[in-house]
Amino acid sequence: AVLFNIEFVFTLIHVYGIDASNITFFGDCDVKKQLIQKYGCKYEDYSVLFNEEFVKMNKKKFTHTVGNPPYYHGMWRKIIMKSIEITEHTVSIISPDDRYDFGPIAKNNLEYYEANGIQTIEDVTHHFPKEINAGVPLCKYHFDLQKESNPGAININGEAGKHRELLHKYSV
């Protein structure tokens, strides 16, 4: 499954030789829908990810999921969780880095990530202009749902326990 970024679809098809009929694109744009369908991919409006019946019918249907969901209103957090539900092997998502948010929602999400195969959280802020990231650290979350979580994945700058120390100090 590919979430929101049509360029991921083009890369999968043209660089990695993935058959377009094996790609499902979740999006929110009619123009992208037209392009995706012309390529022979399946298109789903991203809102189906919040339909429990759809999620139940598609549980672990997708082998791999990649995406860069919208950052507004914590949407990325909901999308990551739904991606984990519908994916069998790996999930890689670019989004704001919850390790720098000390609120209870981010804390709960990081605990969820640790319980669901998080392997790495890589800083990718330098790949995005400030106009896009608005000064918020961006990362690539990588989950391998077939493995135990990497206990050091949520560390900040490789410092074991640093995130937990900051969470304890600044949690609201």
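My aim in this report is to walk through the structure given alongside it, one point at a time. (Residues numbered from 1 in each chain as written. Predicted model: local features only at pLDDT ≥ 70, side-chain atom pairs only at ≥ 80, totals over all residues. Heavy atoms only, no water.)

Here's the deal with the packing of aromatic side chains
And then number 1: Under the counting rule described, the total for this entry stands at nine aromatic pairs.
And then number 2: For the pair Tyr46 and Phe50, a centre-to-centre distance of 6.3 Å together with 90 degrees between the ring planes defines the contact as edge-to-face.
And then number 3: Looking at Tyr46, the relative accessible area reads 17%, which means it is buried.
And then number 4: By relative accessible area, Phe50 is classed as partly exposed at 33%.
And then number 5: What links up through ring pairs into an aromatic cluster is the set Phe4, Tyr46 and Phe50. (Phe/Tyr/Trp six-rings, centres within 6.5 Å; stacked < 30°, edge-to-face > 60°. Buried < 20%, exposed > 50% of the residue type's maximum accessible area, 1.4 Å probe, protein only.)

Structural notes on a nonpolar patch on the surface
And then number 1: Taken together, Val15, Tyr16 and Ile18 make up a surface patch of nonpolar side chains, about 330 Å² in accessible area.
And then number 2: Here Tyr16 shows up in the loop between helix 1 (6–14) and strand 2 (24–27). (Patch = residues over 30% accessible without salt bridge, like charges linked within 9 Å, V, L, I, M, F, W, Y side chains within 5 Å. Areas by Shrake-Rupley, 256 points an atom, 1.4 Å probe, with all protein chains shown as cover. Salt bridge = Lys/Arg side-chain N within 4 Å of Asp/Glu carboxyl O. Helix = DSSP H or I, 4+ residues; strand = E, 2+ residues; numbered from the N terminus.)

Some details on the sheet that holds strand 5 (residues 87–96)
And then number 1: Overall, mixed pairing links the seven strands, which are arranged 3-2-1-4-5-7-6 in an open sheet. Either end of the sheet is taken by a strand with one partner, and the two such strands are strand 3 (42–45) and strand 6 (118–123).
And then number 2: Here strand 4 (residues 62–67) runs beside strand 5; their pairing, made up of five bridges, is parallel. Residue pairing for strand 5: His64 is matched across the bridge by Thr90.
And then number 3: Sheet strands touched by helix 2 (residues 30–39): strand 2 and strand 3. Its angle to strand 3, the strand with the most contacts, is close to 155 degrees. (Pairing = 2+ DSSP bridges. Contact = heavy atoms within 4.5 Å. Axes fitted to C-alpha atoms, helices over the stretch in contact; angles between N-to-C directions.)

What to know about the pairing of strand 3
And then number 1: Bridge count between strand 2 and strand 3: four bridges; the pairing is parallel. Bridge pairing links Phe25 to Tyr43 in strand 3.
And then number 2: In terms of handedness, the path from strand 2 via helix 2 over to strand 3 forms a crossover that is right-handed. (Right-handed = clockwise from strand over helix to strand, strands pointing away.)

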